[in-house]
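# Coordinates in review
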Amino acid sequence: MSPATATPAPSAPSGRGPRRSVLFFAFAFAVIADPVSSVAYAIEAALHALHGDLALLLPTMGLVVGLVVVVTANYWQLVRRFPKGGGAAAAAGRAFGPRWTFLPIGALVVDFVLTIGISISAATSAVIALAPGLAPVRIPLALVLLVVVAALTWFGHGGRLLFAGMTVVFVVVAVAVVVLGFTSPHAVGTAPAHTDPGRSAALAVVLAFPVAMALATGVEAPSTAIAQLGQLDDDHRRRFGRGTLALLLVIVGGLTLALTALAVELHIGLPGADSTQIADIAHAAAGPGWLYGAFQLTSSLLLLAAASSSFQAGPGLLKALAGTAKDPGVLPAVLGRTNKHHTPYWSVVVYLAAAAVIIVAAAGREQELVLFYAVSVFVSFLVGLLAMTRFARGERKPLVAAVNALAAAAVAFTLVVNLMRGWPVLSLVATLLIGGGLYICWVRAGSPNGIEDVERQAETV
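Treat the numbers as computed from the prediction; the structure is a model and nothing was measured. (Residues numbered from 1 in each chain as written. Predicted model: local features only at pLDDT ≥ 70, side-chain atom pairs only at ≥ 80, totals over all residues. Heavy atoms only, no water.)

### So, the overall build of the protein
The condition that has to hold: Strands here mean DSSP runs of E at least two residues long; helices mean DSSP runs of H or I at least four residues long; both are numbered from the N terminus. Two things to know: the radius of gyration comes from C-alpha atoms, and the globule rule equals 2.2 Å times the number of residues to the power 0.38. Burial classes follow relative accessibility: with a 1.4 Å probe on protein chains only, a residue under 20% of its type's maximum area counts as buried, one over 50% as exposed, and anything between as partly exposed. Note on definitions: a residue-residue contact is assigned when non-hydrogen atoms from the two residues lie within 4.5 Å. Only the protein chains shown count as covering a residue, and every accessible area follows the Shrake-Rupley method with a 1.4 Å probe. Asp and Glu count as negative and Lys and Arg as positive, but His and the ends of the chain are not part of the count. A single reference atom marks each charge: NZ on Lys, CZ on Arg, CG on Asp, CD on Glu.
Counting its regular elements, the protein contains 18 helices and 0 strands. Taken over the C-alpha trace, the protein has a radius of gyration of 21 Å; the compact-globule value for 461 residues is 23 Å, and the two agree within 12%. Judged by the C-alpha coordinates and their principal axes, the protein covers about 65 × 50 × 50 Å. For the protein, the residues scored as buried account for 56% of the 461 residues in total. Pairs at least 24 apart in sequence give 83% of the contacts found in the protein among residues at least 6 apart. Total accessible area on the protein stands at roughly 17700 Å², and carbon and sulfur atoms take up 69% of it. Taken as two groups, the 27 positive and 20 negative side-chain charges of the protein have centres that lie 13 Å from each other.

### Focus: a nonpolar patch on the surface
The cut-off we apply is this: Nonpolar side chains (Val, Leu, Ile, Met, Phe, Trp, Tyr) are joined into patches within 5 Å and like charges within 9 Å, using only residues with over 30% relative accessible area and no salt bridge. Salt bridge, as applied in this entry: a Lys or Arg side-chain nitrogen positioned within 4 Å of an Asp or Glu carboxyl oxygen.
Among the surface-exposed residues, Val144, Val148, Leu152, Trp154 and Phe155 lie close enough to one another that they form a single nonpolar patch of about 510 Å² accessible area. As for its placement among the helices and strands, leucine 152 is situated in helix α7 (residues 138–153). Taking relative accessible area as the criterion, leucine 152 reaches 52% and is therefore assigned exposed.

### Focus on the packing of aromatic side chains
Let me state the cut-off plainly: Side-chain rings of Phe, Tyr and Trp, where Trp is taken by its six-membered ring, are said to pair if the distance between their centres is within 6.5 Å; with planes under 30 degrees apart they count as stacked, over 60 as edge-to-face, and otherwise as tilted. Geometrically, a lysine NZ or arginine CZ counts as sitting over a ring once it is within 6 Å of the ring centre and also within 35 degrees of the ring normal.
One pass over the structure, following the stated rule, counts 13 aromatic pairs. Ring centres of phenylalanine 24 and phenylalanine 240 lie 5.5 Å apart, and the angle between their planes is 85°; on these two criteria the pair is classed as edge-to-face. A residue pair is termed long-range when its members are at least 10 positions apart, and phenylalanine 24 in helix α1 (residues 18–31) and phenylalanine 240 in helix α11 (residues 234–265) qualify at 216 residues. Judged by relative accessible area, phenylalanine 24 falls into the partly exposed class, the value being 25%. A centroid spacing of 6.2 Å and a plane angle of 20° characterise the contact between phenylalanine 209 and phenylalanine 413, whose relative ring orientation is stacked. Remark: phenylalanine 413 occurs in helix α16 (residues 398–419) and phenylalanine 209 occurs in the loop between α9 (201–208) and α10 (221–225); sequence separation between them is 204 residues. On the basis of relative accessibility, which here comes to 6%, the residue phenylalanine 209 falls in the buried class. Since its relative accessible area comes to 37%, phenylalanine 413 is described here as partly exposed. Taken together, Phe24, Phe27 and Phe240 form an aromatic cluster joined through their ring pairs. If you follow arginine 81 out to its NZ or CZ, it ends over the ring of phenylalanine 391, 4.1 Å from the centre.

If you want it as structure tokens, here you go:
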């Protein structure tokens with residue numbers, strides 16, 4: 001998933017006591033809306049890759065969560081090194097030179113578009129699972145939701161306070177579903193434990209877990225979003241960033257493993273055409289009553305919030321690349337034009353059009369996009385890990401360098417396995433084309449300084 005944007009801070013958040021705690025709560029839960037929303041489709045993606053084999057689902061998702069821990073550890077280091085924000089782009093630029101900045105930037109542009117597309121599609125699926133009569137209008141419904149979310153972006157950052165609330169409500173409802181499912185389930189599914197007992201279980205897990213690594217999208221968000229906390233000093237930005245990473249890991253990892261275990265316990269396999277696995281889990285756990293409706297409603301709203309965050313962060317990145325009238329950037333100035341709410345409206349239109357194309361191409365089904373999603377962001381992860389490995393070696397920290405190198409190898413393996421599935425290579429091609437195109441524009445603009453800080457600038461413009 002994409003870097004989420006944080007809730008605007010109170011006017012004097014640097015004071016001690018409750019105000020700083022409230023600020024951290026609002027910041028953290030707004031930022032983790034993106035990765036938490038990934039739970040809605042990552043488990044089902046793994047089960048599709050396992051061909052419905054429930055017996056292997058928990059080991060697969062356990063491996064996924066383990067790799068998320070490894071990636072999170074890298075961003076923990078990035079927050080320490082770049083307390084003013086910056087993420088993988090800043091790390092790549094300073095480790096390998098400014099030209100390497102454009103690879104993670106290209107990956108981010110693609111990631112933002114895919115985040116919008118997959119989040120809108122998943123929200124549509126959640127609505128249809130609750131109201132199956134809407135299934136015949138899946139694509140129009142998805143496009144309507146897309147336009148609504150894009151239109152709300154016109155008003156700038158005013159809606160960000162809702163992100164934290166949506167995340168908290170979804171987590172509370174999801175925990176209630178899990179507890180009820182393990183203690184008093186309303187139904188038990190009929191999915192078989194094994195679908196192909198003759199194949200190698202270890203090989204099946206190794207080949208399936210890269211698909212579900214869409215769960216890791218959004219892990220990079222705290223390392224860039226801390227740029228918005230300009231009223232705090234470096235030490236407190238580090239604390240906010242690292243605290244958010246820890247909270248992200250606990251909530252995303254905990255919910256993922258709990259819902260996976262519940263799916264196995266209740267024998268909830270691959271869903272029908274007009275439902276989702278996570279909806280089937282909630283229905284089996286809670287029955288058709290109010291809790292199931294609340295789960296579907298909160299999950300759809302959370303997914304729309306995730307799309308909204310990318311509708312803010314993505315155009316913000318294009319705006320930063322476009323520069324200002326006094327300090328022109330590498331993209332046409334029109335992409336930096338804003339309304340009175342500081343929204344770069346032409347950049348929003350660009351993302352709206354791109355997301356609409358992929359939603360229509362995927363017929364409004366998020367599972368068709370998961371593979372593409374798990375490619376683009378991993379390019380950024382890989383570059384960031386390689387940069388941190390180089391930093392650790394330069395600082396003569398062999399153990400840290402070895403851990404980072406091992407993590408880079410795991411991320412590279414995940415990327416290669418997903419690329420070998422065929423069509424997801426389009427995500428890599430798009431990343432390279434966009435990154436290469438931006439590099440050419442940068443050279444033509446005279447190679448202006450500061451390109452390494454474009455992610456940070458995107459969060460503060």
